Amino acid sequence: MGVPAAALPGRHGHAHALPGRSGPSAQLGGRRHRVQRQSGPFRAGGEPLPVDAGKDSSYVGQKLSWRPCPRLHAAQCATLTVPVDYTRPDGARLRLAVEKLPASGKKQGSLVVNPGGPGVPGGQFAPALAQLAPAVHAHYDIVGFDPRGVGGSSQLHCLTDAAHDAYYATDHAPAFRAGKDRLRRQALALAKACQAKAGALLPHMGTAEVARDMDVLRAALGEADLDYAGFSYGTLLGQYYAERYPGHVGRMYLDSVMDPARTLPEIIKDGAVGAQKAYEAFLAHCTRQPSCPLGDDQAAADRRITQLVTRLNSHPLAAKTDPARPVTGSDLRDALGAGLTSEQGWPSLVRALASAESGDVTAVRALADDAHRRGRNGVFSGADESFLAVACAFATREQRSDQALDRAVAAATAMSPLFGPVDAFRPCAHWPAASAVTAHAIKTTTGPILLANNTGDPSTPLAWAQSAARNLHGSVLVTHPATSHGFVTLGPCPVRTMSDYLVSGTIPRTTTPCTNAT
């Protein structure tokens, strides 16, 4: 899960999507609140926190050696050393890539950021966020890092590019036994390849390890507290950090919130529900427009798209840009999933569908390749393997078994005939690494954490944010009425909401501070 990268300056492509009351914000009563910075080992009420027995003393004292980044000289790059296995700090080590964009004005601290994923590099996100939120950049060194096994931090690559193409040429929503068997063979081959290429790293790519890396980074930056902005999967990292290091939580902004208590089968079902709701909203929006190429009837438009998926599965079409890789119905599903994550992408999706109905699948090919993290040069980023390494470690052996995944896909299909059958997590049934810390509610008391979520987010549903807010005591949840993934991507008001909190600790007056994108 990640903020739609195309919505942020300087980033392209599509990020993966893993998937009561609105929290204490209901108590604001129309007043503007300011968050006082929390320092030292005390909760908000003054109760001492237990000393963290797991403090990684052999790593927190290191200093970062900054140098100009080759890609962007305004930024500075460094490497952070962490243990592969925190239970064996004297064993093998990893070097994590870190990128910093120094504050453009008077610095008040360092802001560590993560764009989501999992599997998405975070280093290059620092300049993108600085461009999006100049007020934040004026007061903070914005610091991004590539999590372990991602990007410049020992990127996990299991398959060759040709094997990747074969993997995605296989129908990931098979309706019959033969197709399901083919997909399971491909999933098994992927899991075995990851074991062969990175067997020692796989057990140590989980969310809990990355949260510990973040505390090593905090200390290396010379900060007593972690000021943090996490998006989508990055919100899970923030919650894990707050659970383990409550005494070091500074200002924490969590956008498009994951619920750490959701199990993998629940995430699969919720993902299908979210995609279906976004799909229906997309169809309703298009069919209300006089120029909609899908017609003016929502049910008829749905049938046309479903029939197109079926036709492409039976008779794939060659894209003009890459005739060697015909576009299948599975590709079209993935393209739809990519295009539905943000209302800003809907016009492009409409054009892609209209062209595909006319026999030109070039735009569908491009959207599907973006969803798969395949570059125009045919090179895969490895993000999908890193995604699976984190996601599979998040589930127990029972939750990720073939039987449990079969049940989850069946439940998802009942909620969404189009998106529910997509069996994206099947490699988890064969994943060689044991489960790490599994799904559980994170309950902690820190200074106020600001949570933000769109009401119709297809990737991180509002219910997830509400659940997290109930457990993060002292947190505040704000919402925006939009069918998009990424609160802060929707215009000046969401950016201002985030910036005011991070810079001055200001909490919005209401729980819906932005009723439009201005």
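Cut-offs applied
- Residues numbered from 1 in each chain as written.
- Predicted model: local features only at pLDDT ≥ 70, side-chain atom pairs only at ≥ 80, totals over all residues.
- Heavy atoms only, no water.
- Helix = DSSP H or I, 4+ residues; strand = E, 2+ residues; numbered from the N terminus.
- Buried < 20%, exposed > 50% of the residue type's maximum accessible area, 1.4 Å probe, protein only.
- Areas by Shrake-Rupley, 256 points an atom, 1.4 Å probe, with all protein chains shown as cover.
- pLDDT = per-residue confidence, 0-100.
- Contact = heavy atoms within 4.5 Å.
- Pairing = 2+ DSSP bridges.
- Salt bridge = Lys/Arg side-chain N within 4 Å of Asp/Glu carboxyl O.
- Right-handed = clockwise from strand over helix to strand, strands pointing away.
- Axes fitted to C-alpha atoms, helices over the stretch in contact; angles between N-to-C directions.
- Parallel < 35°, antiparallel > 145°, perpendicular 65-115°, else oblique.
- Nonpolar A, V, L, I, M, F, W, Y, C, P; charged D, E, K, R; others polar.
- Disulfide = S-S within 2.5 Å.
- Phe/Tyr/Trp six-rings, centres within 6.5 Å; stacked < 30°, edge-to-face > 60°.

On to the overall build of the protein chain, then. Scanning the protein chain from terminus to terminus reveals 16 helices and 15 strands. When the 518 residues of the protein chain are sorted by exposure, 58% land in the buried category. Just so you have it, the protein chain exposes about 19,900 Å², and 54% of that area is on carbon and sulfur atoms.

Another point: the confidence of the model for the protein chain. Note: predicted coordinates in regions of low pLDDT should not be interpreted at a detailed level. Chain-level statistics for the protein chain give a pLDDT mean of 88 and a share of 88% at 70 or above. Note that residues 4-55 has pLDDT below 50 and, in this model, 128 contacts with residues that lie over four places away or in other chains.

What follows concerns unusual backbone geometry. The amide bond that connects Gly117 to the next residue, Pro118, takes the cis arrangement and shows omega of -10 degrees. Positioned with a positive phi, Arg373 is a non-glycine residue whose angle comes to about 60 degrees. With a relative accessible area of 16%, Arg373 lands in the buried category.

Moving on to the sheet that holds strand 7 (residues 226-231). An order of 2-3-4-6-5-7-8-12-14 is seen for the nine strands of this open sheet, with the pairing classed as mixed. Since the sheet does not close on itself, it has two edges, and those belong to strand 2 (67-68) and strand 14 (476-480), each with one partner. Sheet topology note: the strand 5 (residues 109-114)/strand 6 (residues 140-145) ladder contains five bridges and is parallel. Paired with Leu111 across the bridge in strand 6 is Ile142.

A word on the pattern of salt bridges. Once the charged atoms of two side chains with opposite charge are near each other, the side chains can pair. Within this structure, the stated rule accounts for 20 salt bridges. Residue Arg407 pairs with Glu398 through a salt bridge whose shortest N-O separation is 3.1 Å. Relative accessible area serves as the criterion here: at 48%, Glu398 is assigned to the partly exposed category. Salt-bridge contacts for Arg426 lead to Asp402; the nearest nitrogen and oxygen are separated by 2.8 Å. Linking Arg426 in the loop between helix 14 (402-415) and strand 11 (444-445) with Asp402 in helix 14, this pair joins segments that are 24 residues apart in sequence. Look at Arg426 and you get buried, because its relative accessible area is 2%. The exposure class of Asp402 is buried, given its relative accessible area of 19%. Residues participating in the shared-partner salt-bridge network are Asp165, Asp322, Arg325, Asp331, Arg365, Asp369 and Arg374.

Turning our attention to the pairing of strand 8 (residues 249-255). With seven of seven residues buried, strand 8 is to be regarded as a mostly interior element. Taken together, strand 7, helix 7 (residues 233-244) and strand 8 form a β-α-β motif whose crossover is right-handed. Pairing of strand 8 with strand 12 (residues 450-454) involves three bridges; the strand directions are parallel. Bridge assignment links Leu254 to a residue of strand 12, and that residue is Leu451.

One way to put it is that helix 11 (residues 346-357) packs onto helix 12 (residues 362-371) with a least axis distance of 7 Å and a crossing angle of 130 degrees. Taken together, helix 11 and helix 12 sit at an angle that is classed as oblique. Contacts between helix 11 and helix 12 involve Leu349, Ala352 and Ala356 on the former and, on the latter, Ala363, Val364 and Leu367. In the contact of helix 11 with helix 12, the residues fall into six nonpolar, no polar and no charged.

Axis separation between helix 6 (residues 207-220) and helix 7 bottoms out at 9 Å; the angle between their running directions is 70 degrees. When the interaxial angle is binned, helix 6 and helix 7 end up roughly perpendicular. The residues of helix 7 that touch helix 6, namely those facing Thr207, Ala208, Val210, Ala211, Arg212, Met214, Asp215 and Arg218, are Tyr233, Leu236, Leu237, Tyr240, Tyr241 and Arg244. Classifying every residue of the contact of helix 6 with helix 7 by side-chain character gives nine nonpolar, one polar and four charged.

Evaluated as defined, the whole model comprises five disulfides. Disulfide partner of Cys69: Cys77, at an S-S distance of 2.0 Å. Handedness here is read from the sign of the S-S torsion; for Cys69 and Cys77, about 110 degrees, the answer is right-handed. Among the residues examined, Cys69 registers a relative accessible area of 1% and is labelled buried. Judged by relative accessible area, which is 12%, Cys77 ranks as buried. Assigning the bonded cysteines of the protein chain consecutive numbers by sequence position, one obtains the connectivity 1-2, 3-4, 5-6, 7-8, 9-10.

This paragraph deals with the environment of Pro458. Along the chain, Pro458 falls in the loop between strand 12 and helix 15 (462-471). With a relative accessible area of 8%, Pro458 lands in the buried category. Put simply, Pro458 and Thr341 are 117 residues apart on the chain and 6.3 Å apart in space, counted from C-alpha to C-alpha. Excluding its chain neighbours within four sequence positions, the residues that come into contact with Pro458 are Gly271, Gly274, Ala275, Ala278, Leu340, Thr341, Thr483, Ser484 and His485.

Bridge count between strand 9 (residues 317-319) and strand 10 (residues 322-327): two bridges; the pairing is antiparallel. Within strand 10, the residue paired with Ala319 across the bridge is Asp322. The hairpin turn running from strand 9 into strand 10, its antiparallel successor, is two residues long.

Moving on, we come to the packing of aromatic side chains. The full count for this structure, using the stated rule, is eight aromatic pairs. Taking 4.9 Å as the distance between ring centres and 40 degrees as the angle between the ring planes, the aromatic pair formed by Tyr241 and Tyr245 counts as tilted. The two residues Tyr241 and Tyr245 agree in class, both being buried. For the ring pair Phe282 and Trp346, a centre distance of 5.7 Å and an interplane angle of 75 degrees mean the geometry is edge-to-face. Here Trp346 lies in helix 11 and Phe282 lies in helix 8 (residues 264-287), a separation of 64 residues in the sequence. Each member of the pair Phe282 and Trp346 is classed as buried.

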